[in-house]
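# A structural walkthrough
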Amino acid sequence: MLSNAEILRDPSSLGPRERMAIAVQDMPCQEPAIRATNMEEVALGYSEEQARLEAARCLQCKTAPCIAGCPVGIDIPGFLAETVVGRYAEAAAIIRLTNLLPAICGRVCPQEVQCQAPCTLGKALKSVDKAVQIGRLERFVADREREAIAGGAVVAAVSLAPATGKRVAVVGSGPAGLTVAADVRRAGHEVVIFEAFQKVGGVMVYGIPEFRLPKAIVREEAAKLEAMGVRFELNTLVGRTRPLQALLDEEGFDAVFVGVGAGLPKFMNIPGEILVGVFSANEYLTRANLMKAWDRQKAATPLYPSQRVAVLGGGNVAMDAARMALRLGAAEVHVLYRRTRAEMPARAEEVGHAMEEGIQFQFLTNPVEIYGNGEGRVAGVVAQAYQLGEPDESGRRRPVAIPGSERKQDFDTVIVALGNESNPLLAKTTPGLKVDKWSHILVDGEQRTSMDRIWAGGDIVLGAATVILAMGEGRRAAVSINRFLAG
Amino acid sequence: MFTITGKRQLSAEVYRIEVEAPLIARQRQAGQFVIVQTDIEWGERIPLTIADADPAAGTISLIFQTVGASTHRLADLAVGSGIPAVLGPLGNPTHIDKFGKVVCVGGGIGVAPMHPIAQALKRAGNHVTIIIGARNRELIIMEEEMGTIADDLIVVTDDGSYGRKALVTEPLKELCQMDPKPDLVVAIGPPIMMKFCAETTRPFGVHTLASLNTIMIDGTGMCGGCRVEVAGATKFVCVDGPEFDAHLVDWNSMMSRLRAYKSAEDSAHAAVHAEGGCRLDQVVADLKKGGL
Ligand SMILES: Cc1cc2nc3c(=O)[nH]c(=O)nc-3n(C[C@H](O)[C@H](O)[C@H](O)COP(=O)(O)OP(=O)(O)OC[C@H]3O[C@@H](n4cnc5c(N)ncnc54)[C@H](O)[C@@H]3O)c2cc1C
Ligand code: FES
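How each quantity is defined
Residues numbered from 1 in each chain as written. Chains lettered and ligands numbered in written order. Predicted model: local features only at pLDDT ≥ 70, side-chain atom pairs only at ≥ 80, totals over all residues. Heavy atoms only, no water. Helix = DSSP H or I, 4+ residues; strand = E, 2+ residues; numbered from the N terminus. Rg over C-alpha atoms; globule rule 2.2 N^0.38 Å. Buried < 20%, exposed > 50% of the residue type's maximum accessible area, 1.4 Å probe, protein only. Contact = heavy atoms within 4.5 Å. Areas by Shrake-Rupley, 256 points an atom, 1.4 Å probe, with all protein chains shown as cover. Lys, Arg positive; Asp, Glu negative; His and termini not counted. Charge placed at Lys NZ, Arg CZ, Asp CG, Glu CD. Phe/Tyr/Trp six-rings, centres within 6.5 Å; stacked < 30°, edge-to-face > 60°. Buried area = accessible area lost by both parts, 1.4 Å probe. Salt bridge = Lys/Arg side-chain N within 4 Å of Asp/Glu carboxyl O. Polar contact = N/O pair within 3.5 Å; in protein donor to acceptor, adjacent residues only side chain to side chain. Nonpolar A, V, L, I, M, F, W, Y, C, P; charged D, E, K, R; others polar. pLDDT = per-residue confidence, 0-100. Pairing = 2+ DSSP bridges. Axes fitted to C-alpha atoms, helices over the stretch in contact; angles between N-to-C directions.

Turning next to the overall build of chain A. For chain A, the helix and strand inventory stands at 20 helices and 16 strands. Against the globule reference of 23 Å for 487 residues, chain A gives a C-alpha radius of gyration of 23 Å, in line with a compact fold. Summarising its shape, the C-alpha atoms of chain A cover approximately 70 × 65 × 50 Å along the three principal directions. Within chain A, buried positions represent 58% of all 487 residues. In chain A, the share of contacts with a sequence separation of at least 24, taken over all contacts with a separation of at least 6, comes to 69%. Roughly 19300 Å² of accessible area belongs to chain A as shown, and the carbon and sulfur atoms make up 54% of that amount. Taking the 55 positively charged and 56 negatively charged side chains of chain A as two groups, their mean positions are separated by 1 Å.

Shown next, in the form of structure tokens:
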């Protein structure tokens, strides 16, 4: 066994056997009991030594299946090769060629089903958990760059093509919109981002909590765009404050990108959902994150005094809501999920963190009714037990209700975290904009909508998806917009 | 920043402000509202109906009652200062048509949002009867403006200190008993008033609309905090409303949802008035002690 110092002395000389022998580097985290009472980031990030050791695990295999697993095709072996020798700025530059928001993606991407899933090392060691921890390394490199910038390091300014005189409107400031803005601005076009909320970032500021994605990172990214000359117009609901078509017809924009996100919370349509104490995860998290209700000293937005909380769902949104409820002072938080842990769509790391923090999971459980206390407030749920049956179209085993298994459980708060559908507002206020039956905007292979000079991407097209997929759609749209404007 | 260009106190707890918001002033239609926030970092988002707008001057008029810490804070803003966030116009505009005989019922602060609707209904050629009601004379607002729109104006107070001593439902019932009965009733006011207006017109089969003032956050359909049950289905007031068929609204659940955070608001309000003025810092401090 080589010592860490020996490994790092000349990493390029390491053979595959030696690389395979290096242990997976664990992510340092705040202690569960402590972090459950604060809003600070849970994962603390690799130390430099850890990062280089983890990067040294990469076999630099010829096939690099990780690149194909990344929705934006980052040159992963390339940035790992720079990381292992401590050339972090160079590593960051490689990532930035294809990923605008590495500090964010390193924290929130579901790496275990993307780049890390096909990793040759993980396959050789017969466990995806033993794949190279690419996401953690992406975060490390991006954070190094952030620290350098904060410390006054001069990072080469993004080069902008000469001004073209063309103007592009971007509707929505989530990852899709921000990506389009950067790529289109680089091509020399003027860019204005219209955002309904009072802050930039979309779900990254109102949904994903501070303890998982510090808002300072989102602010830094917005500031970079501003430094590139992108303008933000906040408090503007396109479709109401400004009609979509008017951006083209009256306000002189040459192209419009629509990245308005999913943003329509699903409910279960079971009795009792109207009771006080039933929240969509969007509402619960927006109150806590965007409106900062977690800071009871300063925030004007009130918070519901929850003691026993049931969270319905098994995705990232459910994990965030459950962990937020715990941090806001709930004594007990239960996640009720229809299937089992294996089928949960949430990032594996978040499920693990939630379990460590004491969130209780009731698998194969599904509420059929929420009952009240006689005064219009939640008193509990009636839940039914399930068992797994045959696999469905998605390949996951279908949960089947067990008749007669209904059971009452007392809760004062129920948070519905079953995902989001597309917000119908723009479609409703824009005649001619074609959508499917779920209000997802229909686009072609270049993200063009049914309307002339209007592109769309991200959750409004995909349905509730991920940050990186939204970015990927943004990139594709930007290429098409730039080509159109050059033509 | 959305600059406040005018401010007037209409009654002890009711203020009218003019706010510079040219795009909203141009786009807004009767029945729509805005969401305002007095502090980007720590403020609350509060929905307020647009009482009037001047597209030429680029201003909108907002009328609000000081009920919680945030509305007190809004009332404290002076002419020339700015509101950092005003989003709108939100919600569906009122469906304006020539219905024939229309009765507009405005209770308390609900007279403000009724104003543009009554105006639009009048312009569309309807015969418009307006009923204004309040607890007492002091709380009657916009009587003059409504008087210039109405074919008939009826003012009632609970205590008889002004106009007729009655609840708004009494003249409403009389109008429903007349021949011809109204073709449409629009009611805006406290939920309990709207509920009773609905019960008053129901036996006569008179189509009745109510404009709902639920708790809201985003106002864009994203959070579902504003949801109500209408004819057994869940509706979002900010995007599906704010107006609904008053006979189909589940008023009881709507009213209990409005009270979801009531204890906090009450203590803020009481604290202000115990002080005899809008000493907001004190209110906020008290709220903290109370562990809002
Ligand atoms: C709680 C939660 C946790 C999540 N966790 C993860 C995770 O761990 N990893 C991951 O990859 N993904 C996660 N996601 C999903 C991810 O955040 C989204 O897929 C992604 O943000 C979508 O990006 P977008 O740009 O399409 O839209 P959004 O981020 O939704 O942004 C859309 C923006 O448009 C604005 N807008 C809407 N309508 C209008 C209008 N008419 N005019 C002007 N502006 C408008 C909205 O206010 C919003 O700011 C999570 C989502 C939630 C809700
Ligand atoms: S206010 Fe959030 S959905 Fe209506």
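Resuming the write-up.
On to unusual backbone geometry, then. Here B:Asp179 and B:Pro180 are connected by a cis peptide whose omega angle stands at 0°. By the element assignment, B:Pro180 lies in the loop between helix 5 (169–177) and strand 12 (184–188). That bond from B:Gly241 to B:Pro242 is cis: its omega, 10°, falls within 30 degrees of zero. Tracing the backbone through its elements, the reader meets B:Pro242 in the loop between helix 7 (237–240) and strand 16 (243–245). Even without a glycine there, the phi angle at A:Arg453 is positive, about 65°. Within the secondary structure, A:Arg453 sits in the loop between helix 18 (425–429) and strand 16 (454–456). Phi is positive for B:Ala231, close to 50°, though the residue is something other than glycine. As for its placement among the helices and strands, B:Ala231 is situated in the loop between strand 14 (227–230) and strand 15 (233–236). Here B:Ala231 falls in the exposed class, since its relative accessible area comes to 55%.

Before going further, it helps to examine the packing of aromatic side chains. Taken as a whole and judged by the stated rule, the model has 10 aromatic pairs over all chains. Plain terms: the ring middles of A:Phe361 and A:Phe363 are 5.6 Å apart, the flat faces sit at 20° to each other, and that makes the pair stacked. Note on B:Tyr15 and B:Phe64: the rings are 5.8 Å apart at their centroids and 20° apart in plane angle, and the pair reads as stacked. Here B:Tyr15, found in strand 2 (residues 14–20), pairs with B:Phe64, found in strand 5 (residues 59–65); they are 49 residues apart in sequence, far enough to count as distant. Residue B:Tyr15 is classed as buried on the basis of its relative accessible area, which comes to 10%. On the basis of relative accessible area, B:Phe64 is assigned to the buried category, the value being 1%. Through a chain of ring-to-ring contacts, the aromatic side chains of A:Phe279, A:Tyr284, A:Tyr304 and B:Tyr261 assemble into a single cluster.

So, about helix 17 (residues 348–356) of chain A. Every buried residue of helix 17 of chain A is listed here: A:Glu350, A:Val351, A:Gly352, A:His353 and A:Ala354. Next to the buried residues of helix 17 of chain A lie helix 3 (32–35), helix 8 (102–108), helix 16 (316–327) and strand 9 (360–362) of chain A.

What follows is about the interface of chain B and chain A. Taken together, the 45 residues of chain B in the interface contact 46 residues of chain A. Here chain B packs against chain A, burying approximately 4000 Å² in sum over the two surfaces, 57% of which is carbon and sulfur. Scanning the region where chain B abuts chain A turns up two salt bridges. Where B:Glu41 meets A:Lys292, a salt bridge forms, and the shortest distance between an N and an O atom there is 2.3 Å. One can count 19 residue pairs in polar contact (both at pLDDT 80 or more) joining chain B with chain A. Going through the elements one at a time, helix 1 (22–27), strand 7 (85–90), strand 14 and helix 8 (251–258) of chain B are the ones with two or more residues in the side of chain B that touches chain A. Taken together, the residues of the side of chain B that touches chain A break down into 21 nonpolar, 14 polar and 10 charged.

Our next topic: the confidence of the model for chain B. Parts of the prediction with low pLDDT should not have their coordinates interpreted in detail. Residue and element names in this part refer to chain B. Considering every residue of chain B, the mean pLDDT works out to 89; 90% of them sit at 70 or more. Note on residues 271–292: pLDDT is under 50 here. Beyond four places in sequence and across chains, it has 28 contacts. Scored by ipTM, the complex comes to 0.90, with pTM at 0.92.

Turning our eyes to something else, we now look at the sheet that holds strand 14 (residues 413–416) of chain A. All names here are of chain A. Within the open sheet, the five strands sit side by side as 6-14-7-8-9. Their pairing is parallel. In the strand order of this sheet, the two ends are held by strand 6 (278–280) and strand 9, each with one partner. Neighbour-to-neighbour, the strand axes of this sheet turn through a mean angle of 25°, independent of strand direction. The pairing of strand 7 (residues 308–312) with strand 8 (residues 332–336) spans five bridges and is parallel. Its bridge partner lying in strand 8, Val 309 is registered against Val 333. Packed onto the sheet, helix 15 (residues 281–288) meets strand 6 and strand 14 and runs at close to 80° relative to strand 6.

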